[in-house]
Amino acid sequence: MKETQAYIERIMRVNRGHQRLALAVDHSLSSMLAGQAMLVRRIDKDYEAEHWDPYLRELWFPVEIQASNIVIVERPARTHYLPGQLFSIIGPVGKPYRFRQKLRNILLIAYNTTPAALLLMVPPLLAKQVSITLVLMGSAKQYESNHLPEEVEVLQADDNLTWPDMVMTLGWADQVFVLVGQGDEAGYFSDIMQLMRERHSDIPANYVFGVVERDLPCGVGACHACVLNLRGAQKLQCTDGPAFDLTELRLN
Amino acid sequence: MAIDIVRSRKYSLTVSTPVMPASGTVGFGDRYRDLLDFEKLGAFVTNAATIEPWRPARGTRIIPLDAGVLVHTGLPNPGLAKVIKQYRRAWANMPIPVILHLLGTSARQLKRALPLIDEAQEIAAVELGISDDSDAADAVSLVAAASQMEKPLLARLPFYECQQLALPLADAGADALVLTAAPRGTARDPHSGRLVSGRVYGPLIKPMILRMVGRLRRQLPEELPIIASGGIHSPQDARDYLEAGAVAVQVDTATWAQPKMLERIARDLGGWVATRQKDALPDEWNPEMTHTEVIQRRAT
C-alpha cells in the first residue's frame, strides 16, 4: 500500500445515474484484483491551502482495469468531475475476493447499494466461462444495468426479496456474494441469510460472502472503526475485508 | 534539537521534534509503516489500551460531517496485557519513543496494571486518558495511582472539563498535560437516521482548544509542559499552539485524510527546513506539495 496520485483521463456517461471515470494511476494500482479498493481524496492544485470538505477519503472500487495503468471507476452522475482533475490515492485497500476453484455459476446480490464493488470480477469470470447472475434488491433496483456485459443476467427482486427463478439461481450458484449498503448491514445480511437457510439445509463455509462497504477513516487498520465480529475473532473491513464468510460473521 | 516534554522530576522524555500522532489515529505501532516515516516524528502515541479487553461499539461508528468527522469506535482492544505482548516487538523497533495511551476506570484496577507497564522497557511513557464522565475526585485518584509507576505520566484531559481538572491533575502527579481529547458531540447518521454520539474531529475544533491552551498556560505552573491536541491540519495550526504555550503538539485525524501532513508538520517544526509551495511539480517529500522554497532554516 502506498499513497500515490492519479488524474482523470476521460469521463464516460454510462446511463442517467452513473458515469465512469478513467483514472490514470500509479503502476502499483493497475494490479488490483476484485475486492480491492482505493481511498481517494481530491487534490486542488489551484489552491495553496488544503481543503477539508469532504473530510474523509472516499472508498472507490474499480470496475475495470485497462492496460497502460488506467483504472475505471463508477461514480454517481450527479457529482461533477473534470478531465485532468487530480486525486490522492491510498491503496490498494483490502484483500481480493476468494473464489472457489471449480466455480461455474456465481450469484451476486446488491442490496440497497450500487453493485460497483462487485463489477471488477465480471470480466475475468466471464473469460473463464462462469455464468453470472446479478440480483438488485431494495434501492439497488434503481441501478441502470444496460452498460454491463450482455452475458451478465440481471434480475430485480421484488419487495419480498424474491426474484424470478429464485429457486434455480440459488440452487445453481456455486458461490454467492452479497453487497449491502451502509446503515443496517446486520439487518440486510440477516435478510439474505434467511433466504439462504430456507433453501439450503446446511450452508457450507466459503459459500456465501457478505461484502461491506462502510466509510473507512484510515484504510490501514489503525483507527479500528471498521472492526467486525466474526466467530472467534475480530477482523477489520479495511485490511481483512471487504468480503467475509456470512456463516462466520456475527450479525448482532 | 532535543525537547523535554515532561517536567523535570524523576524521569525525562526527550523528543527530537515536537510533533506526534494523537492516540487513536495511527494504531498500536504496526500500521502506517508504508505511509509514514516514523523517524521524522517526535514520539508515537498508541491507540487506547484498557486494563480489561474492550469490544467495538455497536452500530454506526463513523459519521462524516462538514469538514470533519464524528467517531465512535468503542476503543476496541484486547486488554493491556495482550496489547503489550502483541505489540512490544513493534515498539522495540520504533525509532522514536513510544507513549502508551492507557484508559483506567478505577485507581485500584490501575494500580494492579502498573507492574506490567513498568516491566515493558519499550514503553517510554504513559498517556492516561481521563474519561469525560470522571468527576474531579476520580480523575485525581487515577492520576495519583498512575504516577506511582516508574515512567513519565502524561494526562490527557477531556475537552469540556479541562479547565477544572488541569491544576488538580498536575498537583496529583501528572508530568505533562495533553489538552485535550476531542470534544464529544452528537450527529445524525445519514444511513440509519439515528442520532449517534462520539468524538468530533476536524479543523473547526482548533480555535476552541487553542484558546483553552493559551488560557491554561497562563494559569498553570510554568514548569508543567502542555502538549496540545485538536484540529491540527497544517503546519501553521501547529505553530499557533506552540505560540500559545504548548511544548509539543499531537496531530489527530488529519493523518487519515492526508497521511503525509503529519510528516510535513513534523518537518516544519522539527528544526529542519520550513518550506512553502512555489510552483507546479510534486516533490518527493510531499506528493501533493509542488516545488518548494525555503522560508526558514532553523539551527539544529
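Each remark here, short or long, concerns the structure printed above.
A. Representation of the overall build of chain B in the model. On a plain count of helices and strands, chain B comes out with 8 helices and 16 strands. Since a compact globule built from 300 residues should have a radius of gyration of about 19 Å, the 19 Å found for chain B is in line with a globular shape. Dimensions of chain B, computed from C-alpha atoms along their principal axes, come out at roughly 60 × 50 × 40 Å. For chain B, buried positions account for 53% of its 300 residues. Contacts spanning at least 24 positions in sequence make up 65% of the contacts within chain B whose residues lie at least 6 apart.

B. Inspection of the overall build of chain A at higher detail. Helices and strands together make up the secondary structure of chain A, namely 5 helices and 15 strands. For a compact globule of 252 residues, the expected C-alpha radius of gyration is about 18 Å, and chain A comes in at 18 Å, within 12% of that figure. Reported as C-alpha extents along the three principal axes, the dimensions of chain A are approximately 60 × 40 × 35 Å. Counting the 252 residues in chain A, one finds 39% classified as buried. Long-range pairs, those at least 24 residues apart, make up 71% of the contacts in chain A with a sequence separation of at least 6.

C. Layout of the sheet that holds strand S8 (residues 123-129) of chain B. All names here are of chain B. Spatially, 8 strands are ordered S3-S14-S13-S10-S9-S8-S7-S4 in an open sheet, and the strand pairing comes out parallel. The sheet is open, and its two borders are formed by strand S3 (19-21) and strand S4 (44-50), each paired with just one other strand. Direction aside, neighbouring strands of the sheet carry axes that sit 25° apart on average. Relative to strand S13 (residues 226-229), helix H5 (residues 206-219) is tilted by about 170°, and along the sheet it contacts strand S10 (176-179) and S13.

D. Inspection of the sheet that holds strand S1 (residues 2-13) of chain A at higher detail. All names here are of chain A. The 7 strands lie next to each other as S4-S3-S7-S1-S2-S6-S5, forming an open sheet whose pairing is antiparallel. Bordering the open sheet on either side are strand S4 (58-60) and strand S5 (62-66), each of which pairs with just one other strand. Taking each pair of neighbouring strands and ignoring which way they run, the sheet shows an average axis angle of 40°. Bridge count for strand S3 (residues 37-43) against S4 is 3 bridges, and the pairing is antiparallel. In the sheet register, Val40 faces S4, and the bridge partner there is Glu58.

E. Focus on unusual backbone geometry. All names here are of chain A. Cis rather than trans, the peptide bond between Asp53 and Pro54 has omega equal to 5°. Following Gly241, the chain continues to Pro242 via a peptide bond in cis, the omega torsion being 15°. With respect to the helices and strands, Pro242 occurs in the loop between helix H5 (237-240) and strand S15 (243-245). If you check the backbone angles, Asn112 has positive phi at about 60° while not being a glycine. Residue placement: Asn112 occurs in the loop between strand S8 (105-111) and helix H1 (116-119). The backbone of His224 sits at a positive phi, close to 65°, despite the residue not being glycine.

F. Up close: the packing of helix H3 (residues 136-146) of chain B against helix H4 (residues 162-172) of chain B. Residues and elements named next belong to chain B. At a closest axis distance of 9 Å, the pairing of H3 and H4 adopts a crossing angle of 30°. Taken together, H3 and H4 sit at an angle that is classed as roughly parallel. Relative to H4, H3 is oriented so that their crossing is right-handed. Taking contact as the criterion, the partners of Ala136, Ala139, Val140, Val143 and Ala144 in H3 are, on H4, Gln164, Leu165, Pro168, Leu169 and Ala172. When its residues are assigned to classes, the contact of H3 with H4 shows 9 nonpolar, 1 polar and no charged.

Criteria and cut-off values
- Residues numbered from 1 in each chain as written.
- Chains lettered and ligands numbered in written order.
- Predicted model: local features only at pLDDT ≥ 70, side-chain atom pairs only at ≥ 80, totals over all residues.
- Helix = DSSP H or I, 4+ residues; strand = E, 2+ residues; numbered from the N terminus.
- Rg over C-alpha atoms; globule rule 2.2 N^0.38 Å.
- Buried ≥ 20, exposed ≤ 12 C-beta atoms within 10 Å, placed from the backbone.
- Contact = placed C-beta atoms within 7 Å.
- Pairing = 2+ DSSP bridges.
- Axes fitted to C-alpha atoms, helices over the stretch in contact; angles between N-to-C directions.
- Parallel < 35°, antiparallel > 145°, perpendicular 65-115°, else oblique.
- Left-handed = near helix turned anticlockwise from the far one by under 90°.
- Nonpolar A, V, L, I, M, F, W, Y, C, P; charged D, E, K, R; others polar.

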